[in-house]
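# Structural overview for review
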Amino acid sequence: QVQLVESGGGLVQAGGSLRLSCAASGRTFSSLAMGWFRQAHGKEREFVAAITRSGGITHYPGSVEGRFTISRDNAKNTVYLQINSLKPEDAAVYYCAAVDGSGLYWLPQEYDYWGQGTQVTFSS
């Protein structure tokens, strides 16, 4: 089993920055490919970032590329999502996900383990 715990969400302002963290336990972290997804109210779960287990390759959809950066620190068993230039459409619950694999994955069904999510909320 793999346990994932996200943190770092909160109330943000347009144009601001935020770094989300996902701490993994229960399995050797370096064997896990990791991803970030988000789900806004009334919307489908959306892929936002993925990283290979070595950290050597990353992938982003066009909707976030240039503003989002995924990274990992295998020594700390943690993956991060840096979000810059926040937009209202970034408001969502952000989930990290893991799968024991050597590739790069961006479909929810490819992932075996999910965290509970951390919420990013825009102030009015």
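In what follows, the accompanying structure is described.

Conventions we followed
Residues numbered from 1 in each chain as written. Predicted model: local features only at pLDDT ≥ 70, side-chain atom pairs only at ≥ 80, totals over all residues. Heavy atoms only, no water. Helix = DSSP H or I, 4+ residues; strand = E, 2+ residues; numbered from the N terminus. Core = buried A, V, L, I, M, F, W, Y, C linked by side-chain atoms within 4.5 Å. Buried < 20%, exposed > 50% of the residue type's maximum accessible area, 1.4 Å probe, protein only. Contact = heavy atoms within 4.5 Å. Salt bridge = Lys/Arg side-chain N within 4 Å of Asp/Glu carboxyl O. Pairing = 2+ DSSP bridges.

## Regarding unusual backbone geometry
- In this model, asparagine 77 sits at a positive phi of 55°, which is unusual for a non-glycine residue.
- The phi dihedral of serine 85 falls on the positive side, at around 50°, and the residue is not glycine.
- With respect to the helices, strands and loops of the structure, serine 85 is situated in the loop between β8 (78-83) and β9 (92-100).

## Quick notes on the nonpolar core
- In this structure, Leu4, Met34, Trp36, Leu81 and Tyr94 are the most contacted members of the largest nonpolar core, which totals 29 residues.
- Taken together, the elements giving at least two residues each to this core come down to β3 (18-25), β4 (32-39), β5 (46-51), β7 (68-73), β8, β9 and β11 (118-122).
- With residues near it in sequence (within four places) discarded, tyrosine 94 still touches Glu6, Leu20, Trp36, Phe37, Arg38, Phe68, Leu81, Ile83, Gly117, Thr118 and Val120.
- Core analysis: the next-biggest nonpolar cluster, separate from the first, contains eight residues, Phe37, Ala50, Tyr105 and Tyr111 among them.

## A word on the pattern of salt bridges
- Within this structure, the stated rule accounts for five salt bridges.
- Between arginine 27 and aspartate 100 there is a salt bridge; the shortest N-O distance is 3.8 Å. Of this pair, arginine 27 sits in the loop between β3 and β4 while aspartate 100 is found in strand β9, placing the two residues 73 residues apart along the sequence.
- Overall, aspartate 100 belongs to the partly exposed group, its relative accessible area being 43%.
- In this structure, arginine 53 engages aspartate 100 in a salt bridge whose closest nitrogen and oxygen atoms are separated by 3.9 Å. Placement of the pair is arginine 53 in the loop between β5 and β6 (58-59) and aspartate 100 in strand β9, with a sequence separation of 47 residues.
- One salt-bridge network, held together by shared partners, links Arg38, Glu46, Arg67 and Asp90.

## Description of the environment of phenylalanine 68
- On the secondary structure map, phenylalanine 68 appears in strand β7.
- Separated by 18 residues in the primary sequence, phenylalanine 68 and leucine 86 place their C-alpha atoms 9.4 Å from one another.
- With residues up to four places along the chain from it excluded, the contact list for phenylalanine 68 reads Arg38, Val48, Tyr60, Leu81, Gln82, Ile83, Asp90 and Tyr94.

## Examining the pairing of strand β1 (residues 3-7)
- Residues Leu4 and Glu6 of β1 are buried on one face, while the alternating residues Gln3, Val5 and Ser7, pointing to the opposite face, are not.
- Sheet analysis places β1 next to β3, joined by five bridges and oriented antiparallel. Of the residues in β3, the one forming a bridge with glutamine 3 is serine 25.

## Examining the pairing of β5
- Most of β5 sits out of view: five of its six residues are buried.
- Relative to β5, β4 runs antiparallel, the two sharing five bridges. Counterpart to glycine 35 in the pairing with β5 is alanine 50.
- Sheet analysis places β5 next to β6, joined by two bridges and oriented antiparallel. Residue pairing in the sheet places isoleucine 51 in a bridge with threonine 58 of β6.

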